[in-house]
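This is what each chain is made of:
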Amino acid sequence: MSNRRPEQQARLTSKKHSDVALTVPAFLDTIRYHARYSLGKRWGLCSGRELFTAVALAVRDALIDRMLETEDRYQQTDPKRVHYLSMEYLLGRSLKNNLSNLRMLDLCRDALRKMGVDFEEVMEGECEAALGNGGLGRLAACFLDSLATMGMPGYGYGLNYEYGLFKQDIDNGYQKEKPDNWLIHGSPWQIERPDEACIVPLYGRIEHGIDRAGQYNPMWMDWKIIVGVPHDMPIVGFGGQTVNVLRVYSARSSAEFDMQIFNEGDYLKAVEQQIASETISKVLYPSDLVEAGRELRLVQEYLLVACTLRDIVRRYEKSHATFDQFASKVAIHLNDTHPALAVAELMRILVDEHAQPWEKAWETTQATLSYTNHTLMPEALEKWSVSLLEYVLPRHLQIIYEVNHRFLAQVASVWPDDHERLRRMSLIEEGEQKAVRMVNLALVGSHSTNGVSALHTQIVKTSLVPDFYQLWPEKFNTKTNGVTPRRWLLQANPLLADLITSTIGSDWITDLGKLRALEPYAQDPDFQQAFMMVRRSSKTLLTQIIYDRCRVAVSPDALFDVHVKRIHEYKRQLLNVMQIIHQYLRMIQDGITPPVPRVYIFAGKAAPGYWAAKQIIKLITSVGQVINADPRVQGLIKVVFLPDYRVSLAEQIVPATDVSEQISMAGTEASGTGNMKFAMNGALTIGTHDGATIEIMDEVGQENIFLFGLQVEEIRQMRAGGSYHPRTYYHRNPDIRRLMDTFASGLFCPDEPSRFRWIYESVLDRGDPYFHLADLESYIETQERVAQAFKDPVGWTCKAILNVARTGKFSSDRAIAEYAREIWNIKPSSSPPDATG
Ligand code: 26Q
């Protein structure tokens, strides 16, 4: 098994699955056809990118046939459909994924070999679609894969940002941002649909009219227009039976629709207006913190909501005369509060445009919408100032006030005279700057609110919105996140995928619980051997990448300790650095050699305006520079920061990871999804009692994971009682004192010794808000246990195999099945594919 080359192994998997009628010569012809007639190039003169485009267009042909078939199927059977609204989709590259799900990987490899073209080089020609920041956007992408794989009628809706998440350079150890102009050469995956463009009015004022029947009839007047042009991206499920659509909108202007300019006939102003309109979908907001009061972001959110709802209503009206069946045919899901204006927009459409009575419209709205919360951090909760909303969306603000009025009356009928409670539950935050609380709006306007792990849902109920939980306990539920095993195991780790398939068959690809059948092999010396070989070749590949990008040579026999995710104080990359500094000082000052050589691997982007996060990147690179150059610790410890963390880099890191760092302060990471990808690929987790990491422990067993640190309740009590004093740890523990002092001494920044003093002060003088010192001792001890465990390769491998075998729960297929059954009430429209082929 283990002496086969990757290519041969991959072929084994896909030959078995191959159900595609296409032959190698036919596929080759299609590629050549596209090179010539779509790109206008002679084959021999195509650049790398053009080769990619020609191959992608050939694959797109296969996708489009199946996409049209899928849409016909939905039209014929008129099933209930889900519409997933998300400001972010972190898709990454699509060519290999599409080939793999169509089971055309081998076919394509053979075809390209015949043409004398390197397969991997063609794959590298694709720009990544980085239309997301991190976890939330990547989750949306995994969910699309699962919906299609399970044959669920589901559409994604988003924005077609011209610039995705910024690219990260590391310059003198600091992060530098560069624009990601990913659409500069167009995308072969997007089908523009100008005929379905959508007209969106904004700004203007409300005229308070009375209709013929004497009813109040508000008129939204003097609005400006932007146009949303849809671009459809085919999303193919594994096996190729279902191809759903992700519809992303680009903003365009339409001067002739703009009442004001049209009336004035001012040409230059119209052109300026056009430029302004087109900036709306220009760039993804690069943050997981909310920046208050950004008008452009509000307009982006409304563009998504307005275009999507028009599309949904248009499709519904094609086959239904009234709105009576709307909620039984349409589910609309809000990925966080970013699209929560959908509550007001759906009410506006039903009441203003379709003359529905308020009560009936409200019943439909609540029954249609559902909402996922992804964050507890107070600074990440969306609020829009009343004055901005009044300016941009006056009618929506009016509707929100009416919703609030009726809602508070309901609360008052349950808890009369409880003014404090009314204040807390109101959709409007009173104060100097009145603001609409989007969490409250999403909660009130939907029938379901879910958290993304068991612990997170518990915190949502008891601490984020306890009043709402008391009022409507039945609305709250948990949907633990998941990740797609197609991208994160089958494609990212083909060697492990083949080892698994040759051992237990291929059913696991669409039924990840089947990995349990690997459990008996954890003790099998032959399997262990094969497993170790697979991991070693992934690690060897990563050593090359590390050398290419960081010029640091590392050994694949060292323990690869990996901390990759967005840089954020709550995620505590700093805790990891403290531990590294401690290890280093023990070596050079105490002469203690660690049990095993280790490579600490970091990667991740900091929001451009997040000073502390950017300083932490500089800290990691500075510590790396000193340690990597110190001859006293050669071969024992290395620290690297891989620039520009993104989906494709994660695909290379995950299979090569021994230890996965999931060390957020308990109660801060809603779920995490990286944690799942690593465990599924055989990394052992060192982590806190936070997010879904707790559920990973429940699955893999306490003896196969390293959990440490304070739990949510302990932290809460220490906070409440004012009993956390970081200085006590500093004075009590000489190791902690020694490592903390390096932040003040300039050991890691001799050119500017005060550069990291802020860390010393923030931790010791400003209360250490993320409890680094409270968890440091147990983290250090636990890292010691990790090293001891790694010294026993067979014992370690056994644990790693059990991690793979027991992480089936964390497939996004399981998550989507739960959403479909318990929230959306949708069913597969075809039987799921039979992975045995
Ligand atoms: C909001 C307003 C204005 C600008 C930006 C934003 C914004 C953008 C992105 C706010 C939040 C985000 C992203 C949040 C996010 O990724 N949360 C993560 O969601 C994952 C999927 O559920 C969880 O696993 C992570 O724990 C959670 O941090």
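Within each chain, residue numbers correspond to sequence positions counted from 1 in written order. Residues qualify for local features only when their pLDDT is at least 70, as the model is predicted, and side-chain atom pairs are given and counted only at 80 or more; totals for whole chains, interfaces and linings, by contrast, use all residues. Side-chain figures throughout are based on the complete set of non-hydrogen atoms in the structure, without hydrogens or water.

Looking up the chain in an unreviewed UniProt entry gives the name Alpha-1,4 glucan phosphorylase, with the organism given as Candidatus Methylomirabilis limnetica. Per its UniProt entry, the chain bears the Catalytic activity (unreviewed entry) comment "[(1->4)-alpha-D-glucosyl](n) + phosphate = [(1->4)-alpha-D-glucosyl](n-1) + alpha-D-glucose 1-phosphate". Check the Cofactor (unreviewed entry) section of the UniProt entry for the chain; it says "pyridoxal 5'-phosphate". UniProt positions are given in the numbering used here, feature names are shortened, and annotations may be inferred rather than shown by experiment.

Draft legend 1. Highlighting the pairing of strand β24 (residues 684-687). Residues L684 and I686 point to one face of β24 and T685 and G687 to the other, with burial holding for every one of them. Two strands are counted as paired when DSSP detects at least two bridges linking them. Secondary structure elements follow DSSP: runs of H or I no shorter than four residues count as helices, runs of E no shorter than two count as strands, and numbering proceeds from the N terminus. One ladder, built from four bridges, connects strand β23 (residues 659-662) with β24; its direction is parallel. Bridge assignment links V659 to a residue of β24, and that residue is L684. Running through helix α26 (residues 674-680), the crossover from β23 to the neighbouring parallel element β24 is right-handed. The pairing of β24 with strand β25 (residues 706-707) spans two bridges and is parallel. Across the sheet, the residue bridging to I686 is F706, located in β25. The handedness rule is simple: strands pointing away from the viewer, and a clockwise path from the first strand over the helix to the second, make the crossover right-handed. Regarding the hand of the β-α-β motif, the stretch spanning β24, helix α27 (residues 693-700) and β25 is right-handed. When a residue's accessible area, from a 1.4 Å probe over protein chains only, is under 20% of the maximum for its type it is buried; when over 50% it is exposed; and in between it is partly exposed.

Draft legend 2. Main features of the nonpolar core. Take the buried residues of types Ala, Val, Leu, Ile, Met, Phe, Trp, Tyr and Cys, join any two whose side-chain atoms come within 4.5 Å, and each joined set is a nonpolar core. Residues M740, F743, L773 and W824 are the most contacted members of the largest nonpolar core, which totals 263 residues. Ranked by residue count, the leading element in this core is helix α10 (residues 295-319), at twelve residues. Whether two residues are in contact is decided by their heavy atoms, any of which lying within 4.5 Å being enough. Setting aside residues up to four positions removed in sequence, W824 forms contacts with K80, V82, Y84, L147, A331, H333, S370, I816 and Y819.

Draft legend 3. Structural context of the packing of aromatic side chains. Between 30 and 60 degrees the pair is tilted, below 30 it is stacked and above 60 it is edge-to-face, where a pair is any two Phe, Tyr or Trp rings, Trp via its six-membered ring, whose centres lie within 6.5 Å. With the rule as written, the count across this model stands at 22 aromatic pairs. For the ring pair Y84 and F143, a centre distance of 6.0 Å and an interplane angle of 75° mean the geometry is edge-to-face. Here F143 lies in helix α7 (residues 135-149) and Y84 lies in strand β1 (residues 81-85), a separation of 59 residues in the sequence. The exposure classification of Y84 matches that of F143, with both residues buried. Summarising the aromatic geometry, the rings of Y584 and F748 are spaced 6.2 Å apart at their centres and angled 50° between planes, so their arrangement reads as tilted. With Y584 in helix α23 (residues 573-590) and F748 in the loop between α30 (734-745) and α31 (757-764), the pair connects residues that are 164 residues apart, well separated along the chain.

Draft legend 4. Up close: unusual backbone geometry. At Y203, a residue that is not glycine, the phi angle is positive and equals roughly 60°. Position of Y203 relative to the elements: it lies in the loop between β8 (198-202) and β9 (205-210). Judged by its relative accessible area of 16%, Y203 falls in the buried class. In this model, R551 sits at a positive phi of 55°, which is unusual for a non-glycine residue. Structurally, R551 can be placed in the loop between α22 (525-550) and β20 (559-564). Given a relative accessible area of 57%, R551 falls into the exposed group.

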